[in-house]
Amino acid sequence: MHKIYLSFLLVSATYAQSVNFDRILNLTLENNKDLKNQQLNLDLAKLNTKTIDAVSLGKLSVTEELSRTNHSGYVFNSKLSSREATFRDFGFAQQNEGMDVQPRDLNYPDARNNYNTKLIYEVPLFTGFKLSNQKDILELQEKANKIKYNLDKKELTIEVLKAYNSAVVAKDFVSALQKAKIAISQIVKSADAFHKEGLVTKIDVNEAKVYELNINSQLIEASNNFQLALAYLRFLSSDDSISDVEALENINSEISEKNLLYTQALENRDEIKMQDIQINATKKNIDIANSAYYPTVYSHLEYGFNDNTLTLDDEKDYYMALVGINLTLFDNTRDIEKQKSKIEYAKASLNSEKLKDAIKLELEKTTLNLETKEKILKEKIEAKNLAADVLEQSKLLYQNHLISMTTLLSQEANFRKNEALLIDARYEKSLALAKINLALGKNINKENKQ
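Residues numbered from 1 in each chain as written. Predicted model: local features only at pLDDT ≥ 70, side-chain atom pairs only at ≥ 80, totals over all residues. Heavy atoms only, no water.

### Notes on the sheet that holds strand β3 (residues 112–126)
Step number 1: Across the sheet, four strands lie side by side as β2-β3-β5-β6; this open sheet has antiparallel pairing. Of all the strands in the sheet, the pair left with one neighbour each is β2 (59–69) and β6 (317–326). Neighbour to neighbour, the strand axes of the sheet diverge by 20 degrees on average, direction disregarded.
Step number 2: Strand direction decides the pairing type here: β2 and β3, joined by 11 bridges, are antiparallel. Residue pairing for β3: T69 is matched across the bridge by R112.
Step number 3: Across the sheet, helix α4 (residues 72–81) touches β2, β3 and β5 (296–307), and the angle it forms with β3 is around 75 degrees. (Pairing = 2+ DSSP bridges. Helix = DSSP H or I, 4+ residues; strand = E, 2+ residues; numbered from the N terminus. Axes fitted to C-alpha atoms, helices over the stretch in contact; angles between N-to-C directions. Contact = heavy atoms within 4.5 Å.)

Here it is in structure tokens:
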């Protein structure tokens, strides 16, 4: 039985692991299904671009048509096509019967089979620059998909950072409460010893025990929150072996002048790049609307065989080469479509300016938020240190019977509160750092970590 239990522990230790932020991030980016879908969209965009090239090369097809009919027009045409028509087919055998006689051989022919085997090549020669402009738009869409992929990676990275640091904070709360449990256990023992010596009343002992029970319940809740945070990390990373996390992750961000930050954000933000692509795409749509004013030139090349049986006899072959030109002389919808394209271009330009204003505001908010969180963190560190000193002094005062158990427990609670606020302040600062990096359009990598 002990061997089985030992084997179970060894297996559990093998598959359980403590991870840092880099490990979680790499696993998440590798396994995330939304990013995989985005990658498939990139592949689709590339194929859409290749479609325009394929259209420009034209289409080659082989057609085999088999028919049987006694329709006089079709029969006569099939005989002509296979070069088998005779004067009898025109009705000349009855020419001595007068001009008004209906020729029987022409109007009532025997049913005939017809095989038409042909090779066809069709290619657009000139489309008024429509195909080239469509290709440019699809190439822009391909770039937009790549930028969207990078943007999604950045946003997912921030989500991973929040989830990872939340797990670290949850772990820190568990650790703090475990220390609190040990400390309050000592207070309970001390109160119980004093009570046995008659130095304190039973009320002191019970107060300490009530406080200990509350600490226990808080520890249970904190442990559950930690497990929930780990579960979310396992969900994000698709790694079920994650059982612990390491230190809090902070992303370094140098705060320079606001104008420099704004310039940096405009250069790096993927949203700006996507908006620029949108502007270029709407401008190309105007060019596509203009293509309706140009003539289109197309061609049709055909080579085949026509007979009453399947054949490749060169006596039955034919060819046809066609070049066509189509020019629309009047179509008022062309001007409407052009005006609509111009409006879309104007809207895209306005949206770009609106986005720049929003980024400027976002930078102001994130920089102010970071400055505030840094100041709060500094205050919380000092507050926790002072609360710790007060608690230690209160323990000495209680041991010397100078303060009540209520006062001691009040100072213990005050210290735990300040400890919790400090843990939360560290998390808030890490989140503020992440948000300003996102506002600046930066990638979170090893080069910009604190």
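### Regarding the side chain of S299
Step number 1: Structurally, the position occupied by S299 is in strand β5.
Step number 2: Beyond its immediate chain neighbours, meaning those up to four positions away, S299 contacts Y121, E122, V123, L125, L322 and V323.

### Observations regarding a positive patch on the surface
Step number 1: On the surface, K46, K50, K143 and K146 cluster together into a patch of positive charge.
Step number 2: Those elements giving two or more residues to the positive patch turn out to be α3 (33–57) and α6 (130–196).
Step number 3: Looking at the secondary structure, you find K50 in helix α3. (Patch = residues over 30% accessible without salt bridge, like charges linked within 9 Å, V, L, I, M, F, W, Y side chains within 5 Å. Areas by Shrake-Rupley, 256 points an atom, 1.4 Å probe, with all protein chains shown as cover. Salt bridge = Lys/Arg side-chain N within 4 Å of Asp/Glu carboxyl O. Lys, Arg positive; Asp, Glu negative; His and termini not counted. Charge placed at Lys NZ, Arg CZ, Asp CG, Glu CD.)

### Notes on the nonpolar core
Soluble globular proteins tend to bury their nonpolar side chains together.
Step number 1: Counting 49 residues, the largest nonpolar core has L233, V245, Y398 and M405 as its most contacted members.
Step number 2: Counting only elements with at least two residues in this core, the list comes to α2 (21–31), α3, α6, α7 (202–237), β4 (242–245), α10 (333–399) and α11 (405–439).
Step number 3: Considering each element in turn, this core owes the most residues, 18 residues, to α6.
Step number 4: Counting residues in each nonpolar core, the second largest holds 12 residues, with I359, A432, I436 and A439 among its members. (Core = buried A, V, L, I, M, F, W, Y, C linked by side-chain atoms within 4.5 Å. Buried < 20%, exposed > 50% of the residue type's maximum accessible area, 1.4 Å probe, protein only.)

### Quick word on the pattern of salt bridges
Step number 1: On inspection of all chains with the given rule, the structure shows 21 salt bridges.
Step number 2: One salt bridge in this structure joins E84 and R112, with 3.1 Å as the shortest N-O distance. With E84 in the loop between α4 and α5 (104–107) and R112 in strand β3, this pair connects stretches of sequence that are 28 residues apart.
Step number 3: Classification of E84 as partly exposed rests on a relative accessible area of 26%.
Step number 4: Linking D152 and K148 is a salt bridge whose minimum nitrogen-to-oxygen distance equals 2.9 Å. Taken together, the residues span about one helical turn, with D152 and K148 both in helix α6 at a distance of four residues.
Step number 5: Taking the relative accessible area as the measure of exposure, D152 reaches 19% and is therefore buried.

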